[in-house]
Each structure stands twice: as structure tokens, then as C-alpha cells.
Amino acid sequence: MGANSSSISELPENEYLQKLSGSESISENDPFWNQLLSFSFTTPTNSADLKLLEEATISVCKSLVEKNPRTGNLGSLIKVFLSRTKELKISAECQNHLFIWQAHNALFIICCLLKVFISRMSEEELQLHFTYEEKAGPSSYGTECEDLIEELLCCLIQLIVEIPLLDITYSISLEAVTTLIVFLSCQLFHKEILRESIIHRYLMHGRCLPYTSRLVKTLLYNFIRQERSPPPGTHVFQQQTDGGGLLYGIASGVATGLWTVFTLGGVGSKASAQLEQCSPLASQSLLLLLVLANLTDAPDIPNPYRQAIMSFKNTQDNTAFSSSNPHAFQINFNSLYTALCEQQKSDQATLLLYMLLHQNSNMRTYVLARTDIENLVLPILEILYHVEERNSHHVYMALIILLILTEDDGFNRSIHEVILKNITWYAERVLTEISLGSLLILVVIRTIQYNMTRTRDKYLHTNCLAALANMSAQFRSLHQYAAQRIISLNFVCLSSTERLILYALEIPMNLTAEMITEQLNDARINLVLYLNLQALHIITSGNCNEGGDFRFETEPAKQEGY
């Protein structure tokens, strides 16, 4: 690239990039690297510019893939980056902008190259490219370079956990997180789950393993703090937007692809992009955390990152750590809870909340003990209310979170004691005053009715009704409209059941007994019968005071329900 490169159109003819990808071996001590890494680049601000960048650099990347076995220039570039990171912490403390700038640029180029390398070859081939030395033959490599991948991975982790987050280090911290995501993107190019991944093995063993708890803790704190990208004036290199730099834009496609893997092909919510622009480091840190937590267990060791997520405790918890889990740590639960409440418009944050409630008993106990539980429940209900605007996996996660919460009797009692005023996003009826429990019932029943008329997903029905059944024994002082919707749900179920049973009874006489049984066992009949039984259970098992009378809030209807 060099100091003269400032636009995408100049990249294919750039003399420094041509030399890097050419046939000449470049020593790691060559002055060339100072020239290559002294560039200021105008960052792309949209997907069209990002596509132009990939198209402009693909010829350079292909050339390096072809010639690196003979030149070893990829390894030399990585060694240059590693040598410059050794003094990075001191440079940050001394405000050495130039040193951090060149280290950032080296990592930027490495990440761009890795994205192409990983998409075009197996992990075994990638490992070989890391072992080729300068002027080495295609199949020869020295023992000194055999663990260059591990050294780079360990260096990236150390950079994330040890370098203080300042204005001048924000971008290199962001790009270190993103480079790890790019390394883990190998899964995108395999149809089967990677169970023997080379990258996974490096992260779960050896030099990277001792940093497990510190890495998870740092990524969580990045999510909690939601630090915005510093203004352009605080960077040595040019940056026109607060979207987090060029590398964030390049690697966001990789991160999105990994997110698609975890969500079984779902598409991210529209709100997520806005959140990412606010704090790209927080967004990328959360994505990396989710990727690490979902790595497959190694044959000889369970996933240490998942263990760390399952076992961390509150900073106010003074009990001793279990010796069986060396990756446990402490974090401020109040700050984490606040961040989770504020970020639920992001499906990634909803997945993190689900993971913590499901796998971390300390966090689950803390959440259920909060006296402001409405701050968490209301964003979840809003996700379900706008079900038509959300993707399926986001809706499912929100519903499962409600299901986990409603397993606790204390939660089911307390939500009827929390009174809410003027729920503006609920459009079917003006709700000037309603309990959190009644609002939860309204939203879940609305989700059921939406599913009955649109998606017809029996698993969504099952989870909705399970949540209502969990709460039913603790129904107290229901809002009039909530009680009306429960009764309406029952009549809908009765009507549907009657129609389907009549349909089953009209089966032609020439069918065999087995065929008749198959028709009666039709999923639609079973589903509606289950709906009906659950609705009856909800009506008959709760909602009574000590005198045995039903208690409803008597608020006049503001408009007809749907």
C-alpha cells in the first residue's frame, strides 16, 4: 500500500502490494515493511465500496496464495507484526501514535489476506502457508516457524486482554477481535461441524488456554461498556465515519456468516446494524464471545470458553471458586444486567441472555432476584409483539427466555405486582395501566394467534402455551383485557378442535383402521387439542383470590380488541 495509497482504485497497481505478492522473498528486517505499513486509507462507508475493495485486492491475494510457498512473505509479514506488538503496551502508555499505527496497518493487511486464504483452502493448507520461510521451497519449513499460527493467535488474545482501551488503541483492539473471528470462520466453508479443527485446538490448548477467563471477561466488559469508536481526529490514520474502520467493514461479512451458522440460516434483525454502528468493538466482541462459546468440545477437553461463561460469578460474591473449574472469574452483574436490558434489540444480545440464563446458575439466580425485572422483560415482550418484523430465531430465543423465567414461581408472582403505565408500543388497545403479568399474557396470546394465522409452527405454540401454563397457578389481579383474551383463546381452540374432529369423522369408509388412526393423529388435530387443554388449564387453575372469586381490573375498553 504505502504512503501514497488513498483510494480503492489504486490498489491493484500499488507497487508495494505487488512486491508483497510477487516472486521476490522479503526479509522481515527489510526497510520495505516501513514503506508498506505507512498508509492512510479512505474507509469504505457502504457495501458497494466494500465489494469494490474485495474486487480490487483479489488479484493481489491470489498472487500471494500462489507464490507464498516460494517466498514465505506471509510469514515475514506476520513476524513483522509480532515484533511490533511486543512494545505495544508501552507505546499506548507513551502515546506513541506512529508505532501503534503501523502495527494496526500490519494487522489490517494480515486480516484481509487471511479472509481470502481461509476461503480458498483447508486448514491443513493454511497451516503450511504459515510455515513457509523466505526463500524456502514449496515443501520445506523450519522448526522455528512451525507454531506461527499459535504465536499469532496468542498475540491477538494478549493484545485484547492486556492493551488498555484508549482512543489510539481502539481500532487495533477492534481489528484483533475481528481477526480472531476471521480465523474461526473456517466453519463457514465446511458442511459438517468441525470437530478436529486446527484453530480450535490452538485456542483450547497450549499457550492460549491460560488466557481463557481473561479473554471472556474482557469481551463481556467490551459488550457492557459499549464504547463508541473515537472521532476521526484521535486516529493517526484517516477515518471518515464512526463505524469502526476498514477492517470492521471487511470482516463484518465473516461475522454475519458465522452468526448465520449459529442461527440456522436466520437473518439478523434490522436494529442490529444500527447498534453495530454505535459501538463496533462491543458488537464484534459479542460475536467473538458467541463463536468461542459454541466451539465443539475437543476429544480430550471440554470447551474452556463455554466453561468460563457457565461459571463466572458476581463481584460481590465472596464464596470460593470451585477447584474443578480453573476458568471461573468475577464480573459486575449489575453492569452486565443493565447492558443486557439495553441491547435486546440485537439478536446477538438476546442469544447471550439466553446462554447466561440457561447455563450460568449464578446469573440466573441474580436476574430472578432483581426488583426491576420489568427492565428485562419489556424488551423481550416487544420482540414478540413485533414478531412480523423479527427473524424466527430471534423470536424463538425471546420465547425460550420467557419460558426459563416462568419456571420460577417467585417470578410468576412478582410480575403481577409490577404496575406499568402507558405501554405505547402495544397498539391493539390503549393500556394506561396494566400489570407486567397481564401484559405478558397479552403478548404471548397475540403471538399464538399470529402463529395460528401465519406461520403455523407447532413448536412456537408449544413454547407459548408452556409459558402460560407455568404462570397460570400464580395469576393474580388480571387486567380485564388479559382475561378476555384468555377466554377468547379457549373459544378459538374449541372451535378449531371441533372442525378438525368433524373432518376426521368424515373419513371415507373404505380406509383401513391404520389409515383412520393416522388421520386422527394428524399434527393439526393434536396441536389444537393440546391448545384447548392448555387453555382450559390456564382458566381453571388460577386467577382466584382467597375468597374464590375471579378478580379483574375494571378498566373500560378504549377500542375493540382484534
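Conventions adopted
Residues numbered from 1 in each chain as written. Predicted model: local features only at pLDDT ≥ 70, side-chain atom pairs only at ≥ 80, totals over all residues. Heavy atoms only, no water. Helix = DSSP H or I, 4+ residues; strand = E, 2+ residues; numbered from the N terminus. Buried < 20%, exposed > 50% of the residue type's maximum accessible area, 1.4 Å probe, protein only. Contact = heavy atoms within 4.5 Å. Areas by Shrake-Rupley, 256 points an atom, 1.4 Å probe, with all protein chains shown as cover. pLDDT = per-residue confidence, 0-100. Polar contact = N/O pair within 3.5 Å; in protein donor to acceptor, adjacent residues only side chain to side chain. Core = buried A, V, L, I, M, F, W, Y, C linked by side-chain atoms within 4.5 Å. Salt bridge = Lys/Arg side-chain N within 4 Å of Asp/Glu carboxyl O. Axes fitted to C-alpha atoms, helices over the stretch in contact; angles between N-to-C directions. Parallel < 35°, antiparallel > 145°, perpendicular 65-115°, else oblique. Left-handed = near helix turned anticlockwise from the far one by under 90°. Nonpolar A, V, L, I, M, F, W, Y, C, P; charged D, E, K, R; others polar. Phe/Tyr/Trp six-rings, centres within 6.5 Å; stacked < 30°, edge-to-face > 60°.

Just checking my understanding: could you explain the overall build of the protein for this structure?
The secondary structure content of the protein amounts to 26 helices and six strands. For the protein, the residues scored as buried account for 55% of the 562 residues in total. Expressed as a percentage of contacts within the protein between residues at least 6 apart in sequence, the contacts between residues at least 24 apart total 74%. On the protein, roughly 24800 Å² of surface is accessible, and the fraction owed to carbon and sulfur atoms is 52%.

Help me understand the confidence of the model for the protein, please; the structure alone is not making it clear to me.
For residues with low pLDDT, the predicted coordinates do not support detailed interpretation. Confidence in the prediction for the protein averages 78 pLDDT; 74% of positions are at 70 or higher. Segment residues 236–257: pLDDT under 50, and 63 contacts once partners within four positions in sequence are set aside and those in other chains are kept. Counting contacts from residues 259–276, a segment whose pLDDT is below 50, to residues more than four positions away or on other chains yields 38 contacts.

How should unusual backbone geometry be read in this particular structure?
Peptide bonds are, in most cases, trans, and in most cases residues other than glycine have a negative phi. Its identity is not glycine, yet Gln226 carries a phi of approximately 50°, on the positive side. Among the residues examined, Gln226 registers a relative accessible area of 21% and is labelled partly exposed. Backbone geometry at Ser477 places phi at a positive 45°, although glycine is not the residue there. As for its placement among the helices and strands, Ser477 is situated in the loop between α23 (458–472) and β5 (478–479).

Quick question: what am I supposed to make of the environment of His416 here?
In this structure, His416 sits in the loop between α21 (409–414) and β3 (419–421). For His416, a relative accessible area of 8% corresponds to the buried category. In this structure, the C-alpha to C-alpha distance between His416 and Leu478, residues 62 residues apart in sequence, is 7.8 Å. Filtering out sequence-adjacent residues up to four positions away, His416 remains in contact with Ser435, Gly437, Ser438, Ile441, Gln474, Phe475, Arg476 and Leu478. Within the structure, the side chain of His416 is placed 3.4 Å from the backbone oxygen of Arg476, a separation counted as a polar contact.

Looking at this structure, I do not really get the nonpolar core. What am I missing?
Phe81, Phe130, Tyr426 and Leu439 are the most contacted members of the largest nonpolar core, which totals 162 residues. In contact with Phe81, other than residues within four places in its own chain, are Ala103, Ala106, Leu107, Ile110, Leu152, Cys155, Leu156 and Leu159.

Please explain the pattern of salt bridges as it appears in this structure.
Two side chains with opposite charge may pair up if their charged atoms get near one another. One pass over the structure, following the stated rule, counts six salt bridges. Between Arg370 and Asp372 there is a salt bridge, with the nearest N and O atoms lying 2.9 Å from each other. Judged on exposure class, the residue Arg370 and its partner Asp372 are both buried.

Would you take a moment to explain the environment of Asn360 for this structure?
For Asn360, the location among the structural elements is in the loop between α17 (347–359) and α18 (361–369). Considered as a pair, Asn360 and Ile309 are 51 residues apart in the sequence and their alpha carbons are 6.9 Å apart. Once you skip the residues sitting within four places of it in the chain, Asn360 turns out to touch Ile309, Met310, Ser311, Phe312 and Met355. A polar contact is formed between the side chain of Asn360 and the backbone nitrogen of Asn362, at a distance of 3.0 Å. Within the structure, Asn360 has its side chain in polar contact with the backbone nitrogen of Met363 (distance 3.0 Å).

Looking at this structure, I do not really get the packing of helix α19 (residues 374–385) against helix α20 (residues 392–405). What am I missing?
Geometrically, a packed helix pair is captured by the angle between its two axes and the distance between the axes. The geometry of α19 relative to α20 is characterised by a closest axis approach of 9 Å and an angle of 140° between their N-to-C directions. Between α19 and α20, the interaxial angle falls into the category oblique. In this structure, α19 crosses over α20, and the sense of that crossing is left-handed. Contacts from Val377, Ile380, Leu381, Ile383 and Leu384 in α19 reach His394, Val395, Ala398, Leu399, Ile401, Leu402 and Leu405 in α20. Tallied by class, residues from the contact of α19 with α20 come to 11 nonpolar, one polar and no charged.

Got a minute to help me understand the packing of aromatic side chains in this structure?
Aromatic rings in a pair are described by how distant their centres are and how their planes are angled relative to each other. Evaluation of the coordinates by the stated rule reveals nine aromatic pairs. Between Phe333 and Tyr366, the aromatic rings sit 5.4 Å apart at their centres with planes inclined by 75°, giving edge-to-face as the arrangement. Of this pair, Phe333 sits in helix α16 (residues 333–342) while Tyr366 sits in helix α18, and the two are 33 residues apart along the sequence. Measuring from ring centre to ring centre gives 5.2 Å for Tyr385 and Tyr426, while their planes differ by 40°; the resulting arrangement is tilted.

What's the story with α16 in this structure? I'm lost.
One full turn of an α-helix is made of 3.6 residues, so residues set three or four places apart face in the same direction. All of the buried residues in α16 are Phe333, Leu336, Tyr337, Ala339, Leu340 and Cys341. Residues of α16 that are buried sit in contact with α11 (212–225), β1 (313–314), β2 (330–331), α17, α18 and α19. Where α16 begins, the side chain of Asn332 points an oxygen toward the backbone nitrogen of Asn334, at a separation of 3.0 Å.

I'm lost on the packing of helix α8 (residues 148–162) against α11 in this one. Help?
One can describe the packing of α8 onto α11 by two numbers: an axis separation of 9 Å at closest approach and a directional angle of 50°. With respect to α11, the element α8 is oriented oblique. The handedness of the crossing between α8 and α11 comes out as left-handed. Side by side, α8 and α11 meet where Ile157, Ile160, Val161 and Glu162 of the first sit next to Arg214, Leu215, Thr218 and Leu219 of the second. Here the residues of the contact of α8 with α11 sort into five nonpolar, one polar and two charged.

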